[in-house]
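One letter stands for each residue in the lines below.
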Amino acid sequence: MEKEQEKNISTPVERVDARRKISGSERYIDDMDFDGLIHARLYTSDVSRARIKSVRLPELPEGYVIVSWKDVPGKNRVKMINDDWPFLAEDEVNYYGEPIFVVAGPEPEKIEEILSKIHVEYQELPPVYTIEDALEASGESDGWLFADYTIRKGDYESVEKAFGREPGKYRVIEGTYSTGLQEHAYLEPQGMVATYRDGKVTIFGSMQCPYYVKGALVQALGLPEDRVQIVQTTTGGGFGGKEDYPSLLAGYVAFAAIKSGKPVKIVLDRREDIRLTTKRHPSLAHVKSILDENNRVVGMDVDIVLDGGAYEGLSSVVLQRSIFVATGAYDIPNVRVRGRAVRTNNVPRGAFRGFGGPQGIFAIEMQMDRIARELGLDPADFKAAHFLGKGDSTVTGGVIRSDVKLDEMLELAKRMSSYEEKRSNRSNRSNRRPFHGRGISVFIHGCGFTGSGERDKIKARVGLRELPDGKVALLVANVEMGQGAQTTLRKIVSDTLDIPISSVVYDNPDTDRVPDSGPTVASRTAMIVGGLVREASLEFKSVLEDRVVGSAESAPGEPLKQPEEPIEVFKQYRQPPEISWDDEKFIGDAYPDYSWGVNVVDVSVDPVTREVTVEGIWGVYDIGVPLDEAIARGQMQGGIAQGIGWASLEVMEEREGRLVQDSLTDYIIPTSMDLPDIEVDFVMNPSPYGPYGAKGAGELPFVGIAPAYAAAVSDALGVPMDSIPITPEKLLNLKFNKGEEPESA
Amino acid sequence: MKSGKTQEITFRLNGEMVSIEVHPLKRLLDVLRYDFGLTGVKEGCGEGECGACSVLLDGKIVNSCIVPVGTVSGHEVTTIEGYRKTERYKVLEDSMAESSAVQCGFCTPGFVIAAEALLSENPEPDERDIREGISGNLCRCTGYQSIVSGIEKASREASELWKSEAKK
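Residues numbered from 1 in each chain as written. Chains lettered and ligands numbered in written order. Predicted model: local features only at pLDDT ≥ 70, side-chain atom pairs only at ≥ 80, totals over all residues. Heavy atoms only, no water.

Chemist: So, the sheet that holds strand 4 (residues 60-63) of chain B: which residues are in play, and what are the values?
Modeler: Residues and elements named next belong to chain B. Read across the open sheet, the 5 strands follow the order 2-1-5-3-4; overall the sheet is mixed. Pairing within the sheet leaves two strands with one partner each, and these edge strands are strand 2 (16-22) and strand 4. Across this sheet, the average inter-strand angle for adjacent strands is 40°, counted without regard to direction. Relative to strand 2, helix 1 (residues 28-35) is tilted by about 105°, and along the sheet it contacts strand 1 (7-13), strand 2, strand 3 (54-57) and strand 5 (76-78). Taken strand by strand, helix 4 (residues 108-121) contacts strand 3, strand 4 and strand 5, and its axis lies near 35° from that of strand 3. (Pairing = 2+ DSSP bridges. Helix = DSSP H or I, 4+ residues; strand = E, 2+ residues; numbered from the N terminus. Axes fitted to C-alpha atoms, helices over the stretch in contact; angles between N-to-C directions. Contact = heavy atoms within 4.5 Å.)

Written out as structure tokens, the structure reads:
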């Protein structure tokens, strides 16, 4: 599709936003001034599940408003997959902390006082808090299952029958795996400002998806498209947390702005942000593997359940990613996968880097690790014997179309981490103090939207426009949130048109100015949006060349031609014809292409305190071709750090629907002391589906690191680690094999 | 924004003497951001955990979200806005930009302040020292390695800047 690049696109350039950010001059939403701005706070439920019997509101001082669901001008449902999530509770609440009112006015103290005088009388209903209870409840009444999918490859049932007939010939290994809640903990808390002038609502705020917010407000405000404008402000981290929730926050400030006639701002404080916003879905998976006499997995049965919280939101799509990677990077001939997303009376879960992938990959990777250890095989060798390759079929019957370089990647990861040397040193476990362990993971991540999302739902459109000063405006709705999009997408234009990066204008998106190139999610910005930007740039270039040729043809002495019309090029996504997907039956290519990774993690475990220290982390990635190697490396290192947090430190529990850790004091994310140097390398494997061969990158590093960490702890202690986060407390309660129990100090 | 009795607090802010009539328990962070418009100082957690609000108080790093403004009376406060005028800052800006130490940027000014606090104590830190020196600041984007490299680079290229202006 593309010519081999002459210049090397991967060569790092300085990020366009680096110096503004280092110097503190970059402005985030809370740093901006608006004339006549008033503040808003939310009144939230203090029970998990109840009918609202009555409410008593205080007298309001002048200049203050209380907004209830009755003030929502349009539909009081957030526009998502199934529109089940109300902005403001109507006659029932379904989780602790569910917003019921917005209170707005000039003085924060006064707002506080008004909030304290609101009284809501509840009639409580029996809540459901856990996956197990939700599954039980779903057997008794409707409404506790958001989604229940089954996908198949080959004929798992036959393999199970064959095993039943000749049990001696086969071996069955089973495991149950679980993962916990995770908070995004972007450093910039969520914030939005709404203004309402001349019948038009304008939103400014921290977000990943300006057009999602727009769609949500058009529906909630009942306004025409041209009366809702969304402007993204520089976003201090997202990780998926600013995919779904900004639509709600934008609604709150918009309702209050319309009711008060004043610009309204909400910037959440950290505790509010943790309590209100979505989280990573906890998961519970059971995996059963049937092996033949050659130690090959011939059948796999996977059952995975996600806890979706009180409203469906994006849960069904998150679940799809979990089940589509149920057999990970492996070619298993006969597979049955069931996935369910259940409803509980907990804060709704949502998008988070990896989007269901990490939960699925954790289960399959820990299962493969368990099988290898039970068989006495090296996990790397055992996994390598099952690698997917080009032409193989995925669990949905899609085709792996591009080269798969897993063998090469595994070799490189082994070399970087001195895998073989250390393996021989580790054979004598009982003599090791502290306990040392090593884990390896191999993983896959589908690039772009799941299923037919790009083709049927998003229909991304990008534009390029020539500006009077000769610069070129890049018109996309994708945002810079730290991942480097403003630099990498500019690089594509700059490289194609052979103009300096500084001649490409790419301001924070404003829906009045840019077309809908889709949300900044799903590792789609580089591959899908970048691909369109490249296409648009190539066309722009050819128009420009025609113009130059045209002007050269005008004879000398003739009057100069009229100045040409400024060049404008728009490009819309077209699904490559060979990619097919049945969205009803989940058959076909769930993704156009895949990124791949291998991680190795070394740990030591203190025999007394059971504290785990990460001694080394190595990552080898196939993201096609990095659009900027330094930016890609930063994504990999950052994703690894976040994944190590999920696997180890980041404990987030709910007691009767209330978060126990609701601040950065109690919810611990990794510091510089919790991580070693992280060694990252890339294998070049240009994809035909992305610009310069680029594939998705942002989520990939998160996907595989937790199982490598957990496998390393398993290796150190000789006990399977089935559940994350792995805390010292959990390890203290573990039973060790005889002879391996550390002596007490 | 605390109501109640205010008093006049005088301190040196980014090199200039300033006075403000304020409740002494008001957070230094709010005074800096809202009374002086110094928005390079960020609020990430509001309880002294994340370091986004880091400033220098008499050359030592503090989290301005847990410092009552009354305690800075008669002292010297330097925010990123003041620090960015120095030669040391220019070195750090270059080294951090070149080391790709910036992603979302919300924590970055705090890390610059942490780097200054570290280098002014120890102009030639090793990797361990740097990791310790910045351990009071949280970053969710980078995994810290590029920040550590950025500070290492600044020290390698211009440690004399921190040595020559020895502790005051």
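Chemist: Hey, could you go over the interface of chain B and chain A for me, with residue numbers and the actual values?
Modeler: The interface of chain B with chain A comprises 46 residues on the first partner and 55 residues on the second. Between E650 of chain A and R140 of chain B there is a salt bridge; the shortest N-O distance is 2.6 Å. Elements supplying a minimum of two residues to the side of chain B that touches chain A: helix 1, helix 3 (87-98), helix 4, helix 5 (127-133) and helix 6 (145-164) of chain B. Top element by residues in the side of chain B that touches chain A is helix 3 of chain B. It accounts for 6 residues. Looking at the side of chain B that touches chain A residue by residue, the class counts come to 19 nonpolar, 12 polar and 15 charged. (Salt bridge = Lys/Arg side-chain N within 4 Å of Asp/Glu carboxyl O. Nonpolar A, V, L, I, M, F, W, Y, C, P; charged D, E, K, R; others polar.)

Chemist: Any details on the confidence of the model for chain A? Residues and values, ideally.
Modeler: On average, residues of chain A carry a pLDDT of 94, and 94% of them reach 70 or more. Within the model, pLDDT remains below 50 along residues 741-745 of chain A, and this stretch shows 8 contacts once partners closer than five positions in the same chain are excluded. (pLDDT = per-residue confidence, 0-100.)

Chemist: Tell me what's going on with the domain arrangement of chain A, and back it up with residues and numbers.
Modeler: Residues and elements named next belong to chain A. Annotation of chain A at the domain level lists domain 1 (2-126 + 184-276), domain 2 (283-450 + 587-731) and domain 3 (453-574). Measuring from the centre of the C-alpha atoms in domain 2 to the corresponding centre in domain 3 gives 36 Å. The partner domain 3 presents 23 residues to the 21 residues of domain 2 that form the contact. Regarding the contact of domain 2 and domain 3, the summed buried area is about 1,700 Å², with carbon and sulfur atoms giving 66% of it. Per-residue buried area on domain 2 facing domain 3 is highest for F449, L627 and Y692; these three make up 40% of the total on that side. On inspection of domain 2 and its partner domain 3, the count reaches 1 salt bridge. For the salt bridge of D628 with K491, the shortest nitrogen-to-oxygen distance reads 2.8 Å. (Domains from an automatic or database assignment. Buried area = accessible area lost by both parts, 1.4 Å probe.)

Chemist: Can you explain the sheet that holds strand 4 (residues 92-93) of chain A? Please cite residues and give values.
Modeler: Read from one edge to the other, the open sheet built from 3 strands follows the order 4-2-6 (chain A), with strand pairing classed as antiparallel. Looking at strand neighbours, the two that pair on one side only are strand 4 and strand 6 (119-124) of chain A, the edges of this open sheet.

Chemist: I'd like a rundown of the pattern of salt bridges, residues and numbers included.
Modeler: By the definition in use, this model includes 64 salt bridges over all chains. One salt bridge in this structure joins K110 of chain A and E113 of chain A, with 3.9 Å as the shortest N-O distance. Separated by 3 residues within a single helix, K110 of chain A and E113 of chain A lie in helix 2 (residues 108-116), roughly one turn from each other. On the basis of relative accessible area, K110 of chain A is assigned to the partly exposed category, the value being 32%. Put simply, R27 of chain B and E43 of chain B hold a salt bridge, and the shortest N to O gap is 2.7 Å. Of the two residues, R27 of chain B is situated in the loop between strand 2 and helix 1 and E43 of chain B in the loop between helix 1 and strand 3; the sequence distance between them amounts to 16 residues. Judged by its relative accessible area of 23%, R27 of chain B is partly exposed. Residues joined in a network through salt bridges with shared partners are D30, D31 and K265 of chain A together with R33 and K42 of chain B. (Buried < 20%, exposed > 50% of the residue type's maximum accessible area, 1.4 Å probe, protein only.)

Chemist: Describe the pairing of strand 12 (residues 264-267) of chain A, listing the residues and the values that go with them.
Modeler: Residue and element names in this part refer to chain A. Pairing analysis gives 2 bridges linking strand 1 (residues 38-44) to strand 12, with the strands arranged parallel. For I38, the partnering residue across the bridge sits in strand 12 and is V264. Here 4 bridges tie strand 9 (residues 191-197) to strand 12, and the two strands are oriented antiparallel to one another. The residue bridging V193 from the neighbouring strand is K265, located in strand 12.

Chemist: I'd like a description of the packing of aromatic side chains, backed by residues and values.
Modeler: Here the structure, examined in full by the defined rule, presents 21 aromatic pairs over all chains. Between the aromatic rings of Y28 of chain A and F106 of chain B, the centroid separation amounts to 5.1 Å while the plane-to-plane angle is 90°, which identifies the pairing as edge-to-face. Placement of the pair is Y28 of chain A in the loop between helix 1 (18-22) and strand 1 and F106 of chain B in the loop between helix 3 and helix 4, with the two residues belonging to separate chains. Take F106 of chain B: its relative accessible area is 5%, and that puts it in the buried class. With 5.3 Å between their ring centres and 40° between their planes, W646 of chain A and F702 of chain A make a pair best called tilted. A residue pair is termed long-range when its members are at least 10 positions apart, and W646 of chain A in helix 16 (residues 629-647) and F702 of chain A in helix 17 (residues 700-717) qualify at 56 residues. For the pair W646 of chain A and F702 of chain A, a shared accessibility class is recorded, and that class is buried. Of the aromatic side chains, those joined through ring pairs into one cluster are Y149, F324, W581 and F586 of chain A. (Phe/Tyr/Trp six-rings, centres within 6.5 Å; stacked < 30°, edge-to-face > 60°.)

Chemist: Lay out unusual backbone geometry in plain terms, naming residues and giving numbers.
Modeler: With an omega of 5°, the peptide bond between I724 of chain A and P725 of chain A qualifies as cis. Along the chain, the position of P725 of chain A falls in the loop between helix 17 and helix 18 (728-732). Of note in the backbone geometry, D498 of chain A takes a positive phi value of approximately 55° without being a glycine. The exposure class assigned to D498 of chain A is exposed, which follows from its relative accessible area of 60%. One non-glycine residue with positive phi stands out, namely D58 of chain B, at about 50°. Relative to the assigned elements, D58 of chain B resides in the loop between strand 3 and strand 4. Judged by relative accessible area, which is 41%, D58 of chain B ranks as partly exposed.

Chemist: I'd like a rundown of the environment of I66 of chain B, residues and numbers included.
Modeler: Residues and elements named next belong to chain B. Residue position: I66 is located in the loop between strand 4 and strand 5. When its relative accessible area of 52% is taken as the criterion, I66 is described as exposed. Taking the C-alpha atoms as reference, I66 lies 9.8 Å from L25; in sequence the two are 41 residues apart. If we ignore the near neighbours within four places in the chain, the residues touching I66 are E47 and G48.

Chemist: Go over the environment of K414 of chain A with me, naming the residues and quoting the values.
Modeler: All names here are of chain A. In this fold, K414 is placed in helix 11 (residues 406-416). Note on K414: relative accessible area 9%, which makes it buried. With 206 residues separating them along the chain, K414 and V620 place their C-alpha atoms 9.8 Å apart. Residues contacting K414, with those up to four places away along its chain left out, are A380, D381, Y419 and E420.

Chemist: Explain a negative patch on the surface to me, using residue names and the numbers behind them.
Modeler: Residue and element names in this part refer to chain A. A cluster of like negative charges, contributed by E132, D133, E136 and E140, occupies part of the molecular surface. With respect to the secondary-structure elements, E132 resides in helix 3 (residues 131-140). With a relative accessible area of 47%, E132 lands in the partly exposed category. (Patch = residues over 30% accessible without salt bridge, like charges linked within 9 Å, V, L, I, M, F, W, Y side chains within 5 Å. Areas by Shrake-Rupley, 256 points an atom, 1.4 Å probe, with all protein chains shown as cover. Lys, Arg positive; Asp, Glu negative; His and termini not counted. Charge placed at Lys NZ, Arg CZ, Asp CG, Glu CD.)

Chemist: So what's going on with the domain arrangement of chain B? Which residues, and what values?
Modeler: Residues and elements named next belong to chain B. The domain architecture assigned to chain B consists of domain 1 (7-79) and domain 2 (86-162). Taken together, the 15 residues of domain 1 in the interface contact 11 residues of domain 2. Across the domain 1 to domain 2 interface the summed buried area is about 950 Å²; carbon plus sulfur atoms make up 65%. In this structure, the connection of domain 1 to domain 2 is made through 1 salt bridge. E121 is the salt-bridge partner of K60, the closest N and O atoms lying 3.6 Å from each other. Between the two partners, domain 1 and domain 2, sit 3 residue pairs in polar contact (both at pLDDT 80 or more). For the side of domain 1 that touches domain 2, the secondary-structure elements that each account for two or more residues are strand 3 and strand 4. The element that contributes the greatest number of residues to the side of domain 1 that touches domain 2 is strand 3, accounting for 3 residues. Looking at the side of domain 1 that touches domain 2 residue by residue, the classes come out as 5 nonpolar, 6 polar and 4 charged. (Polar contact = N/O pair within 3.5 Å; in protein donor to acceptor, adjacent residues only side chain to side chain.)

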